[in-house]
Amino acid sequence: MASGLFSWAGNSVITSEGLALNTPLAAALSAALLVAVLAWAVVRPFGWPEAVMAVPAAGIAVATGALSLGHARAEAERLGPVVGFLAAVLVIAHFCDVEGLFQACGAWMARWAAGRPVRLLSAVFALASAITAVLSLDATIVLLTPVVFATAARTGVRPKPHVYACTHLSNTASLLLPVSNLTNLLAFAASGLSFTRFAALMALPWLAAIGVEYLVFRRFFARDLAAAAPADRAAGAPPRLPLFALVTVGCTLAGFVVASLFGVEPAWVAAGGALVLAGRALARRRATPLTVLRAASPAFLAFVLALGVVVRAVVDNGLADVLGHVMPDGTGLAALLATAALAALLANLINNLPAVLVLLPLAAPAGPGVVLAVLLGVNIGPNLTYAGSLATLLWRRIVHQHEHDVNLGEFTRLGLLAVPSSLAVAVVALWGSLLVL
Amino acid sequence: MRVIAWLVEGTWPACVDAVRAHAPEAAEVVLLHVSGPEVPAVAHGAFDGLLGRGHRPGHRPAEGWERDPGDRLEALGDTSASALLDAAARRLGRPCVREERSGRAEREVVAAAEGAGLLVLARDGDRSRLGPKSLGPAVRFAVDHAPCPVLLVWPEPAPGLTTIPPPPPHHQP
């Protein structure tokens, strides 16, 4: 039954080429596939990877003709370098951890703060912003947050503001570079900007958003930050400088600038940095080829590719028309603000990853300014909702995954203060950057 | 008589000092620390927000990018709680019982105070001036609901009487 249905859909699509792709059945099928992929990614049945659903779904979209083979190939070619870039950044961040970079961060923060909560918050803001920008938000959440918590606990400081800062900055501080966030890599590929121009345009919004977050945090957590304990355990031994990791990351960053001057794909530079760090770990027997492969998260990469194909099918089959009416026109300040707000809203409903995939094809024709406004929305927006999106939040509530959960009222109050203000200020900064640069 | 001192990061030394000053020699002293679930939960939520990373709930111990930072925070929290209680016991300098609880701090404290002769706790609010705002929500709850006498201390020297605002005009004679 099902195969007959699909082949009929396929025939109708193949015979009615071009714009006539918008058959209701193809639209319904691709929408159902996307819902299934996202639901699986949120629910994660049996703990299986998200790619288990996403890859077959992408296959079905192509096999039934809901997405033409040409479009699927174009999407894969567009996402290929993005996925390679992502793999390289994940490997770099993983081996920075192996080299002791994050432990050193903890020691630096402890020495700088010396048990003073506000100084520790400033140190966390500086390091989390830098690490998110250079090594991606995954590094901040998975690798830096435990170090920050341990540092706060060790120096007698209440850890709540500092842990909250890590989670907020993993989103807000992921604006600067294409490598900072997967959403950026996707937008970078769609925008046609060079690496350096992307960073130049986003530098001011990045600083502005972080500055607003800092002010909000100082005020929101004033009570916790006023509780200073005796810093009798504050001073530790000076940390060993992870020189090799720092130099490699620095050279990789410089390489991005040089590569964009010569029109070389920056993914190659990232791959070089990843090879150097992984090669050293392999040579010193601190890693095996298997750990290098796992550091690149192959299942995640497959999920990104497959999700991109499925979303393309949905966009081709009518979503573009629907959202095209919702997307604000123009590139003025008001239009950029509205675009960012729409992107933030969508990111909070579903996750920011599908949100950016849906919005990019609609934003890209309007120029890089609109694409970057979408990025501001999808990157800053998730701070509003616990666990990144309402979909995930609802699912956690349904399964009672954590009996004692976060104080949702506090989380949301902080988000309601921080997100609209930092987003608005960042959009204004972007608008200014677009005018000047 | 049992004296319970609720110790919180940042303000605990004042509570220990108050026990030394005010608890009778014969009293049994309990040093209580409550680990709240909120901070690890913030990290759990941030990790769950990373869509598609192949996180495997229940398949622990995970490695690399699949390590949930919230789990590590929970483990680190246990270690730091016992370190805090150790430091407090040293500062107290007399026999005592250490009690670690986990859950909502204010509820756990009230439950632990049942049948006690004295609950010692420190103000956790805005301590720049005298007044009701010097109590945060958790201490406010514990003070309001404590089933025993309460000794409420300032973590640092109390602000001066001049920090009290003048009475509103219509109350003046």
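What counts and how
- Residues numbered from 1 in each chain as written.
- Chains lettered and ligands numbered in written order.
- Predicted model: local features only at pLDDT ≥ 70, side-chain atom pairs only at ≥ 80, totals over all residues.
- Heavy atoms only, no water.
- Helix = DSSP H or I, 4+ residues; strand = E, 2+ residues; numbered from the N terminus.
- Rg over C-alpha atoms; globule rule 2.2 N^0.38 Å.
- Buried < 20%, exposed > 50% of the residue type's maximum accessible area, 1.4 Å probe, protein only.
- Contact = heavy atoms within 4.5 Å.
- Areas by Shrake-Rupley, 256 points an atom, 1.4 Å probe, with all protein chains shown as cover.
- Lys, Arg positive; Asp, Glu negative; His and termini not counted.
- Charge placed at Lys NZ, Arg CZ, Asp CG, Glu CD.
- pLDDT = per-residue confidence, 0-100.
- Core = buried A, V, L, I, M, F, W, Y, C linked by side-chain atoms within 4.5 Å.
- Expected span 1.5 Å × (residues − 1).
- Axes fitted to C-alpha atoms, helices over the stretch in contact; angles between N-to-C directions.
- Parallel < 35°, antiparallel > 145°, perpendicular 65-115°, else oblique.
- Nonpolar A, V, L, I, M, F, W, Y, C, P; charged D, E, K, R; others polar.
- Buried area = accessible area lost by both parts, 1.4 Å probe.
- Salt bridge = Lys/Arg side-chain N within 4 Å of Asp/Glu carboxyl O.
- Polar contact = N/O pair within 3.5 Å; in protein donor to acceptor, adjacent residues only side chain to side chain.
- Patch = residues over 30% accessible without salt bridge, like charges linked within 9 Å, V, L, I, M, F, W, Y side chains within 5 Å.
- Disulfide = S-S within 2.5 Å.
- Phe/Tyr/Trp six-rings, centres within 6.5 Å; stacked < 30°, edge-to-face > 60°.

### Considerations on the overall build of chain B
If you tally the helices and strands in chain B, you get 5 helices and 5 strands. Ordered by position from N to C terminus, the α and β elements of chain B give β-α-β-α-α-β-α-β-α-β. Its C-alpha radius of gyration of 20 Å places chain B more than 25% over the 16 Å reference for a compact globule of 173 residues. Viewed in the frame of its principal axes, chain B has a C-alpha envelope of about 70 × 50 × 25 Å. Buried positions account for 53% of the 173 residues belonging to chain B. A fraction of 75% describes how many contacts in chain B between residues 6 or more apart in sequence connect residues 24 or more apart. Taken as a whole, chain B presents about 8,200 Å² of accessible surface, with 54% of it coming from carbon and sulfur. Charge-centre separation for chain B: the mean point of 19 positive side chains lies 4 Å from the mean point of 22 negative side chains.

### Concerning the confidence of the model for chain A
Residues at a pLDDT of 70 or more form 92% of chain A, whose mean pLDDT is 87. Ignoring residues within four places in sequence, the model shows residues 1-21 of chain A, a span with pLDDT below 50, making 16 contacts including any to other chains.

### Thoughts on the nonpolar core
Among the nonpolar cores identified, the biggest contains 160 residues, and A:Phe85, A:Phe102, A:Leu135 and A:Phe303 are the most heavily contacted of them. No other element matches helix H4 (residues 69-98) of chain A, which puts 15 residues into this core. Ignoring anything within four residues of it in the chain, the contact list for A:Leu135 reads A:Val89, A:Ile92, A:Ala93, A:Cys96, A:Leu101, A:Phe102 and A:Val249. Within the second largest apolar cluster, 23 residues are counted, among which are B:Ala5, B:Cys15, B:Val120 and B:Val153.

### Details of helix H18 (residues 368-380) of chain A
Residue and element names in this part refer to chain A. Across its 13 residues, H18 extends 18 Å between first and last C-alpha, which sits within 8% of the 18 Å expected from 1.5 Å per residue. Burial analysis of H18 places 12 of its 13 residues in the buried class, which makes it a mostly covered element. Taken as a whole, H18 has its buried residues at Gly 369, Val 370, Val 371, Leu 372, Ala 373, Val 374, Leu 375, Leu 376, Gly 377, Val 378, Asn 379 and Ile 380. Taken together, the buried residues of H18 touch helix H8 (160-172), helix H9 (182-191), helix H10 (195-220), helix H16 (333-349), helix H17 (352-363) and helix H20 (408-436).

### Remarks on unusual backbone geometry
Residue and element names in this part refer to chain A. Even without a glycine there, the phi angle at Arg 44 is positive, about 50°. With respect to the helices, strands and loops of the structure, Arg 44 is situated in the loop between helix H2 (24-43) and helix H3 (51-63). Owing to a relative accessible area of 10%, Arg 44 belongs among the buried residues under this scheme. In this structure, Ser 297 is a non-glycine residue whose phi angle is positive, near 50°. Relative accessible area serves as the criterion here: at 10%, Ser 297 is assigned to the buried category.

### Some thoughts on the side chain of A:Thr339
All names here are of chain A. Locating Thr 339 in the fold gives a position in helix H16. Owing to a relative accessible area of 1%, Thr 339 belongs among the buried residues under this scheme. When residues no more than four places from it in sequence are discounted, the contact partners of Thr 339 are Met 327, Pro 328, Val 370, Ala 373 and Val 374.

### So, the packing of H9(A) against H17(A)
Residue and element names in this part refer to chain A. Interaxial distance between H9 and H17 falls to 9 Å at its minimum, and their mutual angle equals 10°. For the element pair H9 / H17, the angle class is roughly parallel. For the pair H9 and H17, the contacting residues are Leu 182, Thr 183, Leu 186, Ala 187 and Ala 190 in the first and Asn 352, Leu 353, Val 356, Leu 357 and Leu 360 in the second. Of the residues belonging to the contact of H9 with H17, the class tally is 8 nonpolar, 2 polar and no charged.

### Concerning the interface of chain B and chain A
Listed by partner, the interface residues are 43 residues for chain B and 54 residues for chain A. Contact between chain B and chain A buries roughly 4,400 Å² in total, counting both sides, with carbon and sulfur atoms accounting for 64%. When the buried area of chain B at its contact with chain A is split by residue, B:Leu51, B:Arg53 and B:Trp65 rank highest and sum to 20% of it. In this structure, the connection of chain B to chain A is made through 3 salt bridges. A:Arg44 serves as the salt-bridge partner of B:Asp48, at 3.8 Å between the closest nitrogen and oxygen. Between chain B and chain A we count 8 residue pairs in polar contact (both at pLDDT 80 or more) in total. It is helix H2 (residues 38-48) of chain B that contributes the most residues to the side of chain B that touches chain A, 10 residues altogether. Class assignment of the residues belonging to the side of chain B that touches chain A gives a composition of 18 nonpolar, 14 polar and 11 charged.

### Let's talk about a nonpolar patch on the surface
Taken together, the side chains of A:Val257, A:Val258, A:Leu261, A:Phe262, A:Val264 and A:Trp268 present a nonpolar region at the surface, about 680 Å² in accessible area. Here the nonpolar patch takes 3 residues from helix H12 (residues 243-261) of chain A, the largest share from any one element.

### Some thoughts on the state of the cysteines
Here the structure, examined in full by the defined rule, presents 0 disulfides over all chains. For the unlinked cysteine A:Cys96, the closest cysteine sulfur is that of A:Cys105, found at 9.4 Å. Taking the relative accessible area as the measure of exposure, A:Cys96 reaches 0% and is therefore buried. There is no disulfide at B:Cys148, and the cysteine sulfur nearest it, in B:Cys15, is 13 Å away.

### Thoughts on the packing of aromatic side chains
The description of two aromatic rings rests on the distance between their centres and on the angle between their planes. Residues and elements named next belong to chain A. As enumerated under the stated definition, the model contains 13 aromatic pairs over all chains in all. Taking the centre distance of 5.8 Å and the plane angle of 45° together, the rings of Tyr 164 and Phe 411 count as tilted. Of this pair, Tyr 164 sits in helix H8 while Phe 411 is found in helix H20, placing the two residues 247 residues apart along the sequence. By the burial criterion, Tyr 164 is buried, and Phe 411 matches it. When the ring of Phe 220 is compared with that of Phe 221, the centres are 5.0 Å apart and the planes differ by 80°; the resulting orientation is edge-to-face. Judged by relative accessible area, Phe 220 falls into the partly exposed class, the value being 22%. For Phe 221, a relative accessible area of 1% translates into the label buried.

### A short note on the packing of helix H7 (residues 137-154) of chain A against H2(B)
Orientation of H7(A) relative to H2(B), taken along the N-to-C sense of each, is 170°, at an axis distance of 11 Å. Here H7(A) lies roughly antiparallel to H2(B), going by the angle between them. Contacts from A:Ile141, A:Val142, A:Thr145 and A:Phe149 in H7(A) reach B:Val39, B:Ala43, B:Ala46 and B:Phe47 in H2(B). Its residues assigned to classes, the contact of H7(A) with H2(B) comprises 7 nonpolar, 1 polar and no charged.

### Examining the side chain of A:Ser297
With respect to the helices and strands, A:Ser297 occurs in the loop between helix H14 (289-295) and helix H15 (298-326). When sequence neighbours within four positions are dropped, the list of residues in contact with A:Ser297 reads A:Leu90 and B:Trp65.

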